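Structure assessment
These are the residues of each chain, in order.
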Protein chains: 2
Amino acid sequence: MGVTRQTKQVKTLLDIFNTENNAISVADLVKKLSGQMNKTTVYRILDRLMEDGIVHSFVGKNGLKWYAKCQGCSCDAHFDVHPHFQCKVCGEVSCLTSSFKIPEVKGYKVDAVNLLLVGTCSDCL
Amino acid sequence: MGVTRQTKQVKTLLDIFNTENNAISVADLVKKLSGQMNKTTVYRILDRLMEDGIVHSFVGKNGLKWYAKCQGCSCDAHFDVHPHFQCKVCGEVSCLTSSFKIPEVKGYKVDAVNLLLVGTCSDCL
DNA sequence: AAATATAATGCAACCAAGTTGCTTAATTAA
DNA sequence: TTAATTAAGCAACTTGGTTGCATTATATTT
């Protein structure tokens, strides 16, 4: 599970994630790479990169799926989940470094958290 | 803005929200009401009910849109936002009563929060 | 109560995100 | 270098959601 071959396409994707600080929506990736790469391929590589713990994914404010490079976030031990911030003006999404403790809820077993802050980023203020 | 006429369809929707405690996905609503009501109508009524502050909406773990009746939650003054819980076994989504203070983030102006807890509900444990 | 203005519904067509099955091509291991 | 196997490409499809426009229902006015 998650033994990713070093294909040209995988390298392209990895390169994007390594040079880009912010999160990227799959839709944007597909658009940006259209012509270079099939959209199915993009989806499948992202799946594999996530299994390998290279990237993590989450859902943006309008239901689109976003990916960002994992940097020190333990994606499996989901207990230092970080929030994400989405600017409603420019649409940029970034990982916030401030970690966040999972709230306890009586009667429920919580094992993942999706915390999305929506607002205006410093550039758009 | 938000002056909703009391049509048969609106009453049907309101009735569903008043008898259902949990949140409902739009997709489910459309399915449940197919034959009774056009899907466009469902989407539009939900929009209006939200403008009126009758229901609030949020995004589930797989990007689907969910709605739930507002009960005492001030949907416009987004500062007593409540979290939502989605059970990954049965799929049910419910509003948690525990309120939640919006975290401060330096440089950003945060005005909405989407906090989704994913796990296993008491029925599925 | 009837007429009018206006808001809401239905319909069909559309768009975009994401998925599936299958064939072909590219890695990696032998 | 060949063989085993993973990954890429393609096309077709599914699903959630939207749009424009014609028709119908609700409120309002007289």
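Residues numbered from 1 in each chain as written. Chains lettered and ligands numbered in written order. Predicted model: local features only at pLDDT ≥ 70, side-chain atom pairs only at ≥ 80, totals over all residues. Heavy atoms only, no water.

**Some words on the relation of the copies chain B and chain A**
- Screw-axis analysis of chain B against chain A gives a translation of 0.0 Å along the axis, an RMSD of 0.0 Å, and a rotation angle of 180°. Accordingly, the operation relating the two chain copies is best matched by a two-fold axis.
- A share of 100% of interface residues in chain B that are also interface residues in chain A marks the association as one of identical surfaces. (Least-squares fit on C-alpha atoms with pLDDT ≥ 70 in both. Contact = heavy atoms within 4.5 Å.)

**Observations concerning the interface of chain B and chain A**
- On the chain A side, the residues contacting the 28 residues of chain B number 28 residues.
- At the boundary of chain B with chain A, total buried surface from both sides reaches about 2200 Å², with 62% on carbon and sulfur atoms.
- Connecting chain B to chain A are 2 salt bridges.
- The shortest N-O distance in the salt bridge between Lys88(A) and Asp111(B) comes to 3.4 Å.
- Inspection of the chain B/chain A interface yields 12 residue pairs in polar contact (both at pLDDT 80 or more).
- Of the residues contributing to the side of chain B that touches chain A, the split by class is 16 nonpolar, 8 polar and 4 charged.
- When strand β6 (residues 109–120) of chain A meets strand β6 (residues 109–120) of chain B, the two strands line up antiparallel, connected through 11 bridges. Bridge pairing links Asn114(A) to Leu116(B) in β6(B). (Buried area = accessible area lost by both parts, 1.4 Å probe. Salt bridge = Lys/Arg side-chain N within 4 Å of Asp/Glu carboxyl O. Polar contact = N/O pair within 3.5 Å; in protein donor to acceptor, adjacent residues only side chain to side chain. Nonpolar A, V, L, I, M, F, W, Y, C, P; charged D, E, K, R; others polar. Pairing = 2+ DSSP bridges. Helix = DSSP H or I, 4+ residues; strand = E, 2+ residues; numbered from the N terminus.)

**Considering the side chain of Thr120(A)**
- Structurally, Thr120(A) is set in strand β6.
- On the accessibility criterion, Thr120(A) (9% relative accessible area) is buried.
- With near-sequence residues (within four places) excluded, Thr120(A) lies in contact with Phe85(A), Cys87(A), Lys88(A), Val89(A), Leu125(A), Gly107(B), Tyr108(B), Lys109(B) and Asp111(B). (Buried < 20%, exposed > 50% of the residue type's maximum accessible area, 1.4 Å probe, protein only.)

**Regarding the UniProt feature "binding site: Zn(2+)" (unreviewed entry) in chain A**
- According to UniProt, the positions carrying the feature "binding site: Zn(2+)" (unreviewed entry) are Cys87(A), Cys90(A), Cys121(A) and Cys124(A). Considering the C-alpha atoms alone, the annotated residues occupy 38 residues of sequence yet fold into one spot, their largest mutual distance being 8.3 Å.
- Structurally, the position occupied by Cys121(A) is in the segment after β6.
- In this structure, Cys121(A) is in contact with Phe85(A), Cys87(A), Cys90(A), Gly107(B) and Tyr108(B), ignoring residues within four places of it in sequence.
- Mapped onto the elements of the fold, Cys124(A) is located in the segment after β6.
- In this view, Cys124(A) contacts Cys87(A), Val89(A) and Cys90(A); residues no more than four positions away in its chain are not counted. (UniProt positions renumbered as here; feature names shortened; annotations may be inferred.)

**Here's the deal with the side chain of His56(B)**
- Note that His56(B) resides in strand β2 (residues 55–59).
- A polar contact of 3.0 Å, which involves the side chain of His56(B), links it to the side chain of His82(B).

**Considerations on the nonpolar core**
- With 24 residues, the main nonpolar core has Val113(A), Leu115(A), Leu117(A), Val113(B), Leu115(B) and Leu117(B) as its most contacted residues.
- Only β4 (84–87) and β6 of chain A together with β4 (84–87) and β6 of chain B provide two or more residues apiece to this core.
- In this structure, Val113(A) is in contact with Val81(A), Phe100(A), Ile102(A), Pro103(A), Leu115(B), Leu116(B) and Leu117(B), ignoring residues within four places of it in sequence. (Core = buried A, V, L, I, M, F, W, Y, C linked by side-chain atoms within 4.5 Å.)

**Focus: helix α1 (residues 8–19) of chain B**
Residues and elements named next belong to chain B.
- When the terminal C-alpha atoms of α1 are compared, their 17 Å separation across 12 residues agrees well with the 16 Å that a helix rising 1.5 Å per residue should span.
- Taken residue by residue, α1 has Val 10, Leu 13, Ile 16 and Phe 17 as its buried positions. Buried residues of α1 fall within an arc of 125° about the axis and therefore sit on the same side. Turned more than 90 degrees away from the buried face of α1, the exposed residues are Lys 8 and Thr 19.
- Residues of α1 that are buried in the fold lie against β1 (24–25), α2 (26–33), α3 (39–51), β2 and β3 (65–69). (Expected span 1.5 Å × (residues − 1). Arc of directions from axis to C-beta.)

**Quick notes on the packing of α2(B) against α3(B)**
Residues and elements named next belong to chain B.
- Two elements in contact, α2 and α3, have axes whose closest approach is 9 Å; the angle formed by their N-to-C orientations is 135°. With respect to α3, the axis of α2 lies oblique. Our pair here, α2 against α3, has a crossing hand that is right-handed. Across the interface between the two elements, Val 26, Leu 29, Val 30 and Leu 33 of α2 pack against Lys 39, Val 42, Tyr 43 and Leu 46 of α3.
- In terms of residue class, the contact of α2 with α3 is built from 7 nonpolar, no polar and 1 charged. (Axes fitted to C-alpha atoms, helices over the stretch in contact; angles between N-to-C directions. Parallel < 35°, antiparallel > 145°, perpendicular 65-115°, else oblique. Left-handed = near helix turned anticlockwise from the far one by under 90°.)

**Examining the protein's contact with DNA strand C**
- Taken together, 26 residues sit near DNA strand C, with Lys39(A), Thr7(B), Gln9(B), Arg44(B) and Arg48(B) positioned nearest.
- The share of sugar and phosphate among atoms of DNA strand C within 4 Å of the protein is 62%.
- Interatomic distance of 3.4 Å between a backbone N/O atom of Lys65(A) and a phosphate oxygen of DNA strand C.
- Within the contact set of DNA strand C, a phosphate oxygen lies 2.4 Å away from a side-chain nitrogen or oxygen of Arg48(B).
- Mapped by element, the contributors of at least two residues to the surface near DNA strand C are α2 (26–33) and α3 (39–51) of chain A together with α1 and α3 of chain B.
- Looking at the surface near DNA strand C element by element, the count peaks at 5 residues for α3(B).
- Of the residues that constitute the surface near DNA strand C, the class distribution is 8 nonpolar, 9 polar and 9 charged. (Near = heavy atom within 4 Å.)

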